[in-house]
Amino acid sequence: MYFNGDYIPESKPIFGTYDTAQMWGYSVSDTLRTFNKKLHGASDHLSRLSDSCSAANIDFDISSSALRDILLHVIEKNTPLVDPKDEFLIITYIIGNWDFGKSTASDYSPSRLLIHCSTIDFEKHAKFFIEGQKVRTSSIKQIPCESIPSMIKHRSRMHFVLADKEVKTIEPDSSPLLLDYDKNISESIYANFFIVNGNTIQTPPTKNILPGITRKKIINIAQQMGFDVEEKNLTLDDAHSAEEAFFTSTSRIITPISSIDGIPIGKTIPGESTQKLLTEYSKNVGVDIMAQFLQS
């Protein structure tokens, strides 16, 4: 991994007991994946990382081009350590410049950069392309954008942990779907949410969700394919009555949803439209995404 100027083994401890990231969660991050060991969507991810820093009032002075070079070096250094078929999931953290009890901003410690990567566990996630993802609505609400702006991809994620633990006690292997305080659907703990009815694809607006990079790409692809795409508030009734539903995320790109709150969604996994989107995205990256997960 890379930490503040050095490439070091991931096993090396880097945080002290009172570290800002550990004690206060004052850090932002972004996650990229590779296809054929090449960075995918790096410009969009680095732009969002910069936007997260600005919105979170984190000073960070490494340019996007320099940051991209570090990411490429991390891939280069880790590639000999993994199987040729493996792909990387790379997480970049920027730990905020802040210290408890300091009287002025000039006394804060400087922000720090941490980048680590792992291989995508294709075998573990393959079942979601065969069986679909079970989804449960959580009683835990999405953090309102008035508290933490939704555009910040932050690491203060206890609400996601609580939601995930809650739904798994109800239905093992399920993933939570969080509502906002107006009872509209927001997102899951790692993914944006979509439903399909006929030729129309709908997804929640960005007010109370992280504006996902894969979400944006799927919207563009769907429009190019002739789908009508609507960004609108969605209720649970909308979700429960959908013909298809899926998540989008960096690692899996598209995850078909098989049920929501125990109600079956669609007749096949993936649904017809979901499969078309997955096929088209695969063409764009030059990799059969589903086959890559099912290879094991």
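Up top is the structure these notes are about.
No experiment lies behind these values; they were computed from the predicted model shown.

Asks: Give a detailed account of helix 7 (residues 213-224), specifying residues and quantitative values.
Replies: If you check helix 7, its first and last C-alpha atoms are 17 Å apart, about what twelve residues at 1.5 Å a residue would give, namely 16 Å. Of the positions making up helix 7, those classed as buried are Ile213, Thr214, Arg215, Ile218, Ile219, Ile221 and Ala222. Backbone geometry just downstream of helix 7 places glycine 226 in the positive-phi region, at approximately 100°.

Asks: Run through the pattern of salt bridges, naming residues and quoting values.
Replies: In this structure the tally under the stated criterion is nine salt bridges. Between aspartate 173 and lysine 127 there is a salt bridge whose closest N-O contact spans 2.8 Å. Here aspartate 173 is found in the loop between helix 6 (158-170) and strand 8 (174-179), whereas its partner lysine 127 is found in helix 5 (residues 127-130), with 46 residues between them in sequence. Under the relative-accessibility criterion, aspartate 173 is labelled partly exposed at 34%. In this structure lysine 127 comes out as partly exposed when scored by relative accessible area, which is 30%. Where glutamate 171 meets arginine 136, a salt bridge forms, and the shortest distance between an N and an O atom there is 2.8 Å. With a gap of 35 residues between them, glutamate 171 in the loop between helix 6 and strand 8 and arginine 136 in strand 7 (residues 133-141) connect regions that are remote in the sequence. Comparing glutamate 171 with arginine 136, the two get one shared label, buried.

Asks: Can you lay out unusual backbone geometry for me, pointing to particular residues and giving the numbers?
Replies: Residue isoleucine 269 is joined to proline 270 through a cis peptide bond whose omega torsion reads -10°. You can see proline 270 is positioned in the loop between strand 14 (263-264) and helix 9 (272-285). Even without a glycine there, the phi angle at asparagine 36 is positive, about 55°. Mapped onto the elements, asparagine 36 comes out in the loop between strand 3 (27-35) and strand 4 (38-39).

Asks: Hey, could you go over the pairing of strand 3 for me, with residue numbers and the actual values?
Replies: The two faces of a sheet get side chains in turn, since along a regular strand they alternate between them. For strand 3, the buried fraction is high: nine of the nine residues fall into the buried class. Residue alternation in strand 3 divides its side chains into two sets, Ser27, Ser29, Thr31, Arg33 and Phe35 and Val28, Asp30, Leu32 and Thr34, and both sets are buried. Bridge count for strand 3 against strand 5 (residues 88-95) is seven bridges, and the pairing is antiparallel. Paired with aspartate 30 across the two strands is threonine 92, which belongs to strand 5. Pairing analysis gives two bridges linking strand 3 to strand 4, with the strands arranged antiparallel. The residue bridging threonine 34 from the neighbouring strand is leucine 39, located in strand 4.

What counts and how
- Residues numbered from 1 in each chain as written.
- Predicted model: local features only at pLDDT ≥ 70, side-chain atom pairs only at ≥ 80, totals over all residues.
- Heavy atoms only, no water.
- Helix = DSSP H or I, 4+ residues; strand = E, 2+ residues; numbered from the N terminus.
- Expected span 1.5 Å × (residues − 1).
- Buried < 20%, exposed > 50% of the residue type's maximum accessible area, 1.4 Å probe, protein only.
- Salt bridge = Lys/Arg side-chain N within 4 Å of Asp/Glu carboxyl O.
- Pairing = 2+ DSSP bridges.

Honestly, that's just the spatial picture; any functional story needs more than this.
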